[in-house]
Amino acid sequence: MSTVLTQSINLLAAILLMLAFAMLSQRRVLSLIHLFTLQGATLALSTAIVGVATHQPHLYFSAALTLLLKVILIPLLLHRVIDRLNVRWDVETLINIPTTLLAGIVLVIFSFYLAQPIAQMSLTITRGTLGIALASVLLSFMMMITRSKAVPQVIGFLAMENGLFFAATAATYGMPMVVELGIALDVLVGILILGVFLFHIREQFDSMDIRHLEKLKED
Amino acid sequence: MSPLFLVLGFPLLGSMALAFFGHRPFARTLNMIFSLGTLVAAGALTMEVIARGPVWVWDQEFFIDPLNVFMVTLTAFVGWTTSIFSSPYMRVEIAQGKMTPARLRLYHSMYQLFSFTMLLALMTNNLGILWVAMEAATLTTVLLVSVYRSAASLEAAWKYFILCGVGIAQALFGTVLLYMAAGKLVGSGSDALLWTHLETIKGTLDPHIMGLAFAFLFIGYGTKVGLAPLHNWLPDAHAEGPTPVSAVLSGLLLNVALYAILRCKVLADGALHNHLASQLMMGFGLLSVVMAALFLWRQKDVKRLFAYSSIEHMGLITFAFGMGGPVANFAGLLHMTVHSLIKSAIFFTVGHATQKAGTQLMEGIRGLITVNPTVGWGMLLGALAILGLPPFGVFASEFLILTTAMREQAWATPFLLLALGIAFAAVFARVQPMVFGETSVKTLPHPPALVPVFVHLGLGLLLGLYIPPYLSTWYAQAARLLGN
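The residue count restarts for each chain, going from 1 along the sequence in the order it is written. As a convention, the first chain written is A and the first ligand written is 1, with the rest following in written order. For a predicted model such as this one, the threshold for reporting local features is a pLDDT of at least 70, and the threshold for listing and counting side-chain atom pairs is 80 or more; totals across whole chains, interfaces and linings nevertheless cover every residue. For the side-chain quantities, the full set of heavy atoms in the structure was used; hydrogens and water were omitted.

Looking at the overall build of chain B
Summing up its helical and strand segments, chain B has 19 helices and 2 strands in all. As defined in this context, the radius of gyration uses C-alpha atoms, and a globule is described by 2.2 Å times the residue total to the power 0.38. Over its C-alpha atoms chain B spans a radius of gyration of 21 Å, differing by no more than 12% from the 23 Å that the globule rule assigns to 484 residues. Each residue's exposure class comes from its accessible area (1.4 Å probe, protein chains only) as a fraction of the maximum for that residue type: buried when under 20%, exposed when over 50%, partly exposed otherwise. Looking at chain B as a whole, 66% of its 484 residues qualify as buried. Considering only contacts in chain B between residues 6 or more positions apart, those separated by 24 or more positions represent 81%. Under the convention used here, a 1.4 Å probe and the Shrake-Rupley method define accessible areas, while residue burial counts only the protein chains that appear. Entry remark: accessible area of chain B is about 15,300 Å², with carbon and sulfur atoms responsible for 69%. In chain B, 25 positive and 19 negative side-chain charges are present, and the distance between their average locations comes to 10 Å. Helix and strand definitions here come from DSSP, where helices need a minimum of 4 consecutive H or I residues and strands a minimum of 2 consecutive E residues; each element is numbered from the N-terminal end. Residues are treated as being in contact if the distance between any of their heavy atoms lies within 4.5 Å. His is not counted here, nor are the chain ends, while Lys and Arg score as positive and Asp and Glu score as negative. Each charge is placed at NZ for Lys, CZ for Arg, CG for Asp and CD for Glu.

Here's what the structure looks like:
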């Protein structure tokens, strides 16, 4: 029983890593949101399975919270935002996707190298996935750097938060409840503020390209 | 009931009340009253800690010891004086049409909520809640920075949000690792993130995990301190928001972020038995001092100038805590206090000067001493004080930091001296024409509140000349808590 569960956790972790790579190379805004929703669903499922395997009831709660926040609420908000900004069918020109992906692979190797000694000391059944969690954090970070449009940058930010959440589940079976609630609140408020900003940016610059946001430079 | 709940309750209640009444004429006074209430409660809390030693409140969720009670009082004090400065400042902004009723409501409400998040970060015993409060402080200040909704302020706020968001995400990963290290010893549950609990078992925490955890925590909170090379958000955020916000960002938020690092450093030192934490802090501190000093030369905007000066001073304080030991820790704490008093005083005068001149460019600000002698003198004395001229407090703390550095970290001393020299020349060369020089600007419709400027400068002077015995014992106790 527990081997099946452990195997399925590892499978879901692998899916998360693949999703992170998919997001890195995805040029369409709409598909990015779909990928993000899928990432949230994978995360919720893996959290629930860890909960079953370890008999930690508070993980069910955090799985439900993830489902509500990252699969339903935030994607809904994102869809509304891209509709109202009229960027639903936007395709971003990304230069050098192969190079980005190769750099991504280097990041994954680095994450495994960093996480391995620590994972061995962990007592959790999920310890093997810590490297993947760190890798998805770094990959989302890279996604934020390589994007020049505001909406994909926001999605990168949210994906990074997903990676961190997965890291918390992998390393420690999740943070204490009160902390988790606080983090969820911060993320929700943050995304609301960013959503409002997107409209202001559009109004001010007539474009969603954050390359316009480079006036404040040292000269 | 402990006064702690009042310290948190006043700003929280204030933010709710001001969310409804923030646009009314009495809101500016209401803002002052709530801030004063926070200060009084913080004073009562301080009395309690002095009388009874460290206190735990609410099932160990909050913890007050000499280290954080001193910062709570400082935060409440500067929060109050800034609210006094903010009142006439906002009247002028309304008269100039920069603030609409909706923006005023947002501004006042977020000002109080920002105080609340900082105080929560300072007093919580739970390192997870510390992270949540720091992130919430980022969110409230993002709204404060973008309050004018101009292109530049949106850009500054966006950059601030993304950079600090990424930074603070690293801190969350660090917190997860810390929780993992503790969970191995005490099992999971919220106990494993209580700082006082971790402090008692710090010697047995796994050094591998703790090393990595501290590195992530340091990068994360270090971004918020404004340490180079992650400082890019800081000058923009200071320059584009309202000036009272610049004052509290520089004077308070940077301190709170550094406080988070200090708490983590104590744990890392106990677990690691090596100098990783110290070396990281000294290296990045020194880099910030040198880099900021060089950037000071290139500034044209007065608020950016003093923002870079804040990076320099935070770097110096980080360096001092990195050296560790009773003297350097004492000097670091003193420098934190004096910097936060004097830098906010400078921003008060800068705020008035820019409103008068209608520009933040230094070439447009001239002859303050003829137009309004109090503002002119305030800025001149503030600048001299922040540059470390005796007899102000900055001189005392910089002297202690430099002499300790000469003895213990001789390699760093030339860099420090050179950077402080460059900073002196750069800032003084720019402040001098702003204060003297020729001008033809008219006076503003509403007189500024300049009492806070001189109260802050007076306290800065006092700390340079004579530190009252109870204050010095208090500093010494706090310095001891920080260990080596």
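Description of the overall build of chain A
The number of helices and strands found in chain A is 7 helices and 0 strands. Starting at the N terminus, the α and β elements of chain A follow one another as α-α-α-α-α-α-α. Relative to its length of 219 residues, chain A is compact, with a C-alpha radius of gyration of 18 Å against a globular reference of 17 Å. The buried share of chain A, taken over its 219 residues, is 59%. Relative to all contacts within chain A whose residues are 6 or more apart in sequence, the contacts with residues 24 or more apart total 78%. Roughly 9,600 Å² of accessible area belongs to chain A as shown, and the carbon and sulfur atoms make up 68% of that amount. Charge separation in chain A, taken as the distance between the mean sites of 13 positive and 12 negative side-chain charges, equals 8 Å.

Observations regarding the interface of chain A and chain B
Taken together, the contacts link 45 residues of chain A with 50 residues of chain B. Buried area between chain A and chain B, summed over both chains or domains, comes out near 4,300 Å², and the portion from carbon and sulfur atoms is 78%. Salt bridge, as used here: a side-chain nitrogen of Lys or Arg that lies within 4 Å of a carboxyl oxygen of Asp or Glu. Joining chain A to chain B, the criterion identifies 0 salt bridges. Counting of polar contacts relies on pairs of N or O atoms within 3.5 Å, with two restrictions inside protein: one atom must be capable of donating a hydrogen and the other of accepting it, and residues adjacent in sequence are counted only when both atoms are side-chain atoms. The interface formed by chain A and chain B holds 3 residue pairs in polar contact (both at pLDDT 80 or more) in total. Only α4 (97-121), α5 (130-146), α6 (150-172) and α7 (177-205) of chain A provide two or more residues apiece to the side of chain A that touches chain B. No other element matches α7 of chain A, which puts 15 residues into the side of chain A that touches chain B. Looking at the side of chain A that touches chain B residue by residue, the class counts come to 31 nonpolar, 9 polar and 5 charged. When two components associate, each loses some accessible surface as probed by a 1.4 Å sphere; the sum of these losses over both components is called the buried area. We call Asp, Glu, Lys and Arg charged. Ala, Val, Leu, Ile, Met, Phe, Trp, Tyr, Cys and Pro are nonpolar, and the rest, Gly among them, are polar.

Concerning the pattern of salt bridges
All names here are of chain B. If you walk through the whole model with that rule in mind, you get 7 salt bridges over all chains. Linking Lys159 and Asp236 is a salt bridge whose minimum nitrogen-to-oxygen distance equals 2.7 Å. Remark: Asp236 occurs in helix α9 (residues 233-240) and Lys159 occurs in helix α6 (residues 151-186); sequence separation between them is 77 residues. The partly exposed category is assigned to Lys159, whose relative accessible area is 23%. The class of Asp236 is buried, set by a relative accessible area of 1%. One continuous salt-bridge network, built from bridges that share partners, spans Lys159, Asp236 and Arg304.

Overview of the state of the cysteines
Residues and elements named next belong to chain B. Throughout, disulfides are identified as pairs of cysteine sulfur atoms within 2.5 Å of each other. Within the structure shown, the criterion is met by 0 disulfides over all chains. Cysteine Cys164 shares no disulfide, and the gap to the nearest cysteine sulfur, in Cys264, comes to 16 Å. Judged by relative accessible area, Cys264 falls into the buried class, the value being 4%.

Some points on the packing of aromatic side chains
Aromatic contacts are taken between Phe, Tyr and Trp rings whose centres are within 6.5 Å, Trp giving its six-membered ring; a plane angle under 30 degrees counts as stacked, one over 60 as edge-to-face, and the others as tilted. This structure, assessed with the given rule, holds 19 aromatic pairs over all chains. Both rings, one in Phe21 of chain B and one in Phe26 of chain B, keep their centres 6.2 Å apart while their planes meet at 45°; by these two values the pair is tilted. On the basis of relative accessible area, Phe26 of chain B is assigned to the partly exposed category, the value being 39%. A network of ring pairs unites the aromatic residues Phe70, Phe330, Trp474 and Tyr475 of chain B as a single cluster. For the cation-ring pair, Lys70 of chain A lies above Phe165 of chain A, with the distance from its terminal atom to the ring centre recorded as 4.5 Å. Consider the ring centre and the ring normal. A charge sits over the ring if Lys NZ or Arg CZ is within 6 Å of that centre and within 35 degrees of that normal. Above the plane of the ring of Tyr148 of chain B lies Lys98 of chain B, whose end atom (NZ or CZ) is 5.5 Å from the centre.

Some thoughts on the packing of helix α4 (residues 101-123) of chain B against helix α5 (residues 127-145) of chain B
All names here are of chain B. Contact geometry of α4 with α5 gives a least axis separation of 8 Å together with a crossing angle of 160°. In terms of axis orientation, α4 runs roughly antiparallel to α5. Relative to α5, the crossing made by α4 is left-handed. Each of Leu106, Tyr107, Met110, Tyr111, Leu113, Phe114, Thr117, Leu120 and Ala121 in α4 lies in contact with α5, whose residues at this interface are Ile129, Leu130, Ala133, Met134, Ala136, Ala137, Thr140, Thr141, Leu143 and Leu144. Classifying every residue of the contact of α4 with α5 gives 16 nonpolar, 3 polar and no charged. Helix axes use the C-alpha atoms of the stretch in contact, all axes being lines fitted to C-alpha atoms, and the angles between their N-to-C directions lie in the range 0 to 180 degrees. The scheme is simple: roughly parallel for angles under 35 degrees, roughly antiparallel for over 145, roughly perpendicular for 65 to 115, oblique for anything else. Crossings are sorted by hand: turned counterclockwise from the far helix by less than a right angle, the near helix makes the crossing left-handed, and turned clockwise it makes it right-handed.

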